[in-house]
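The lines below spell out each chain.
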Amino acid sequence: MHHALSLAERAGREGEVPVGAVLVRENKIIGEGWNRPIQCNDPSAHAEIQALRAAGDSIANYRLCDTTLYVTLEPCTMCAGAIIHARVKRVVFGAYDPKTGAAGSVFNVLNSMSYNHSVEIATGVLQPQCAALLTSFFRARRSRG
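Just so you know, these numbers come straight off a predicted model, no measurement behind them. (Residues numbered from 1 in each chain as written. Predicted model: local features only at pLDDT ≥ 70, side-chain atom pairs only at ≥ 80, totals over all residues. Heavy atoms only, no water.)

Student: Summarise unusual backbone geometry; cite the residues concerned and give the values.
Tutor: Within the chain, R87 stands out as a residue other than glycine whose phi angle is a positive 65°. Mapped onto the elements of the fold, R87 is located in the loop between α4 (77-86) and β4 (90-95). In this structure, L126 takes a positive phi of about 55° despite not being glycine. Here L126 lies in the loop between β5 (120-122) and α5 (127-143). (Helix = DSSP H or I, 4+ residues; strand = E, 2+ residues; numbered from the N terminus.)

Student: Quick one: what's the story with the packing of helix α1 (residues 2-13) against α5, residue by residue and with numbers?
Tutor: The contact between α1 and α5 brings their axes to 11 Å, and the two run at 5°. Between α1 and α5, the crossing angle belongs to the class labelled roughly parallel. Residue-level contacts link L5, A8, E9 and G12 of α1 to Q129, C130, L133 and F137 of α5. Broken down by class, the residue content of the contact of α1 with α5 amounts to five nonpolar, two polar and one charged. (Axes fitted to C-alpha atoms, helices over the stretch in contact; angles between N-to-C directions. Parallel < 35°, antiparallel > 145°, perpendicular 65-115°, else oblique. Contact = heavy atoms within 4.5 Å. Nonpolar A, V, L, I, M, F, W, Y, C, P; charged D, E, K, R; others polar.)

Student: Describe the pairing of strand β2 (residues 28-34), listing the residues and the values that go with them.
Tutor: With six bridges connecting them, strand β1 (residues 20-25) and β2 associate as antiparallel partners. Residue pairing across strands places G20 opposite W34, the latter belonging to β2. Turn length for the β1-β2 hairpin, with the two strands adjacent in sequence and antiparallel, is two residues, and the turn residue E26 shows positive phi of about 50°. (Pairing = 2+ DSSP bridges.)

Student: Can you break down the side chain of D97 residue by residue, with the values?
Tutor: With respect to the secondary-structure elements, D97 resides in the loop between β4 and β5. The charged side chain of D97 is buried without a salt bridge, its nearest counter-charge being K99 at 7.3 Å. Reaching out from D97, the side chain makes a polar contact with the side chain of T100 at a distance of 2.7 Å. Beyond its immediate sequence surroundings of up to four residues, D97 is in contact with L73, E74, S105 and V106. (Buried < 20%, exposed > 50% of the residue type's maximum accessible area, 1.4 Å probe, protein only. Lys, Arg positive; Asp, Glu negative; His and termini not counted. Salt bridge = Lys/Arg side-chain N within 4 Å of Asp/Glu carboxyl O. Polar contact = N/O pair within 3.5 Å; in protein donor to acceptor, adjacent residues only side chain to side chain.)

Student: Run through helix α3 (residues 47-59), naming residues and quoting values.
Tutor: Under the 1.5 Å per step criterion, the end-to-end length of α3 is 18 Å for 13 residues, consistent within 8% with the ideal 18 Å. The complete set of buried residues in α3 reads A47, E48, I49, Q50, A51, L52, A55 and G56. Residues of α3 that are buried sit in contact with β1, β2, α2 (37-40), β3 (68-73) and α4. Phi turns positive, to about 55°, at A60, one or two residues after α3. (Expected span 1.5 Å × (residues − 1).)

Just distances and angles here, no functional claims.
The following block contains the structure:
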């Protein structure tokens, strides 16, 4: 999660919402990403999607079984859907997203009985640091008008 936080900080420096994600298999990073929708002109360029894409390229497979995704913010519904389709085993996130969270806060996509795959979830890992990064980013953005 510390590495995901450093990626989130990078996103913030680049003017993106500071979210970072790292995908791990057998204690090795196989994919990482940070929010880049503005830079890429791509609404799907969330940190989780970037990490899943990098991991798929890294292992030459779209199925990412037996992996853990560490992400600084609770995944949204788009990212949760991609996580399910990739067959990620476990998601560990820091800050809850009370507006669009899809791992239990607003929606529970990751453990919906409608899918043939459910994802283990661990929450609140480095939550104060993850939340503080987001809070300070949005506070600075609001102060600039």
